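Each chain, written out:
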Amino acid sequence: MSVPAHPPTYAVVVPVKPPARGKSRLVGIADGAREDLAAAFALDTVTACLAAERVGAVLVATDDARFSAALAATGAPCIPDGDSSDLNATLRQTAAEARRRWPAMRPVALCADLPALDPADLDAALGSPVLAGGVAGFVADAAGIGTTLYSASWEAFDPRYSEGSRLAHLDAGAVEVTGPLTTLRRDVDDLPDLQAAAALGVGGHTRRVLDRLGLF
């Protein structure tokens, strides 16, 4: 599979739950602290995306109007979440709006809980033969069960995020992007995940919350 001489530029779509409803599996942390961490994860994820060389734009879908202002301040415009009960529907609707704004780019879906994301890992995935070659592809999470990133052409964009989404994407014909991509795979659902992310080095928003809480 060959890589084009001029790899495509990507429009990243990021679904963000209102922080008050996010990260319920961070057991043992007070509700307000969980909300702060969920917000910090999203801000660090979006900030890392915007720093990646292969990313031309980031579009966030969220129903939290107050938090959308903080996200927009990073340089990522926000739109309302059209169907917060269905993540894949949200991603398809957000991708449709991204296509309207940036039709020359290629869409990428990325989860919002990657506080350790290194822009170099994101660039490595986007520049891989799978994605740069135009094939529908995805990056599995650190556990090898879920998915952190999915991309396809505008016409074929059909993410299958769910429990066990790695197999769902494979069954749909998407190709798995291999390689370490350690920070891109390190999503955070629970405290052991958060500790692993902190060991990799989290972004500034998350680091400030962790320091305030005396964690990791």
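One can find the structure itself at the top, above this paragraph.
Residues numbered from 1 in each chain as written. Predicted model: local features only at pLDDT ≥ 70, side-chain atom pairs only at ≥ 80, totals over all residues. Heavy atoms only, no water.

**Student:** In this structure, what is going on with the pattern of salt bridges? I would like to understand it.
**Tutor:** Here the idea is simple: oppositely charged side chains can pair when their charged atoms come close. Going through the model one piece at a time under the given rule, you end up with 14 salt bridges. With a shortest N-O distance of 3.8 Å, Asp189 and Arg25 are connected by a salt bridge. Of this pair, Asp189 sits in the loop between α7 (182-185) and α8 (191-200) while Arg25 is found in the loop between β1 (10-15) and α1 (31-51), placing the two residues 164 residues apart along the sequence. Counted as one network, the salt bridges with shared partners bring together Lys23, Arg25, Asp113 and Asp189. (Salt bridge = Lys/Arg side-chain N within 4 Å of Asp/Glu carboxyl O. Helix = DSSP H or I, 4+ residues; strand = E, 2+ residues; numbered from the N terminus.)

**Student:** Got a minute to help me understand the sheet that holds strand β3 (residues 78-79) in this structure?
**Tutor:** Whenever strands of a sheet pair, they do so through backbone hydrogen bonds, lying parallel or antiparallel. Taken in spatial order, the seven strands make up an open sheet running β3-β2-β1-β4-β6-β5-β7, and their pairing is mixed. Pairing within the sheet leaves two strands with one partner each, and these edge strands are β3 and β7 (175-176). Where strand β4 (residues 106-110) meets strand β6 (residues 147-151), three bridges bridge the pair, whose relative direction is antiparallel. Within β6, the residue paired with Val108 across the bridge is Ser151. (Pairing = 2+ DSSP bridges.)

**Student:** It is not clear to me how the environment of Arg100 should be interpreted in this structure. Could you clarify?
**Tutor:** Here Arg100 shows up in helix α3 (residues 87-101). The class of Arg100 is exposed, set by a relative accessible area of 60%. (Buried < 20%, exposed > 50% of the residue type's maximum accessible area, 1.4 Å probe, protein only.)

**Student:** Sorry, what's going on with α8 here?
**Tutor:** An α-helix turns once every 3.6 residues. As a result, residues three or four positions apart point the same way. Buried within α8 we find Asp193, Leu194, Ala197 and Ala198. Seen from one end, α8 has its buried residues packed into an arc of 135 degrees, which puts them on one side. For α8, the exposed residues lying more than 90 degrees away from the buried face are Pro192 and Ala199. Residues of α8 that are buried sit in contact with α1 and α9 (204-213). Just beyond α8, the residue with positive phi is Gly201, at close to 110 degrees. (Arc of directions from axis to C-beta. Contact = heavy atoms within 4.5 Å.)

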